[in-house]
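# Overview (structure and organization)
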Amino acid sequence: MLMRLSHDLGLYFYDLVVARFDLWAAFGVLAQFVFGARFIVQWIASEKAEKSVIPVGFWMLSISGGLMTLVYGFARSDIVIILGQAFSIFIYVRNLMLIAKEKRKLAATAVSGSQVEAPAA
């Protein structure tokens with residue numbers, strides 16, 4: 001029984017990795033690597049800061065990997081991937097919008113604060 005299972009698993013993985021592997025499968029694997037790289041970026045940023053942080057690069061890789069995976073989902077006609085990535089990409093873009101808004105707010109506060117503290121002549 002174990003020999004048969006081993007043989008069947010070998011055939012399954014051969015079919016999955018070799019026989020059915022095409023350009024779209026390679027693109028999908030690349031998309032997953034780009035998407036997964038965001039966790040490495042987040043981990044390195046957190047280690048440097050010695051606290052949990054989510055850098056802009058995390059969101060950029062999320063969008064890039066998400067868009068690539070969405071294209072892969074369309075190419076493979078996979079509704080699960082299409083729906084999952086379409087909604088996720090919206091969230092990633094929204095996070096970048098919130099980060100940009102916060103930076104503008106901080107810049108405006110810094111400019112108004114420096115005008116108030118300017119020495120009188």
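Right, let's walk through the structure included here. Keep in mind that what you see is a predicted model, and the values were worked out from it rather than measured.

## Details of the environment of R38
On the secondary structure map, R38 appears in helix 2 (residues 23–49). Counting along the chain gives 32 residues from R38 to L70, while the straight-line C-alpha distance between them is 17 Å. The contact partners of R38, leaving out residues within four places of it in the chain, are F58, L61, S62 and Y92.

## Focus on the packing of aromatic side chains
Tallied over the full model, the rule gives six aromatic pairs. When the ring of Y12 is compared with that of F13, the centres are 5.3 Å apart and the planes differ by 75°; the resulting orientation is edge-to-face. Relative accessible area serves as the criterion here: at 45%, F13 is assigned to the partly exposed category. Centre to centre, the rings of W59 and Y92 are 6.1 Å apart; their planes meet at 40°, and the pair counts as tilted. Of this pair, W59 sits in helix 3 (residues 56–75) while Y92 sits in helix 4 (residues 79–116), placing them 33 residues apart in sequence. Judged by relative accessible area, Y92 falls into the buried class, the value being 9%. Taken together through their ring pairs, the aromatic side chains of F35, F39, F58, W59 and Y92 make up a single cluster. The residue whose ring lies beneath R38 is F35, and the NZ or CZ to ring-centre distance is 4.0 Å.

Rules and cut-offs
Residues numbered from 1 in each chain as written. Predicted model: local features only at pLDDT ≥ 70, side-chain atom pairs only at ≥ 80, totals over all residues. Heavy atoms only, no water. Helix = DSSP H or I, 4+ residues; strand = E, 2+ residues; numbered from the N terminus. Contact = heavy atoms within 4.5 Å. Phe/Tyr/Trp six-rings, centres within 6.5 Å; stacked < 30°, edge-to-face > 60°. Buried < 20%, exposed > 50% of the residue type's maximum accessible area, 1.4 Å probe, protein only. Lys NZ or Arg CZ within 6 Å of the ring centre and 35° of its normal.

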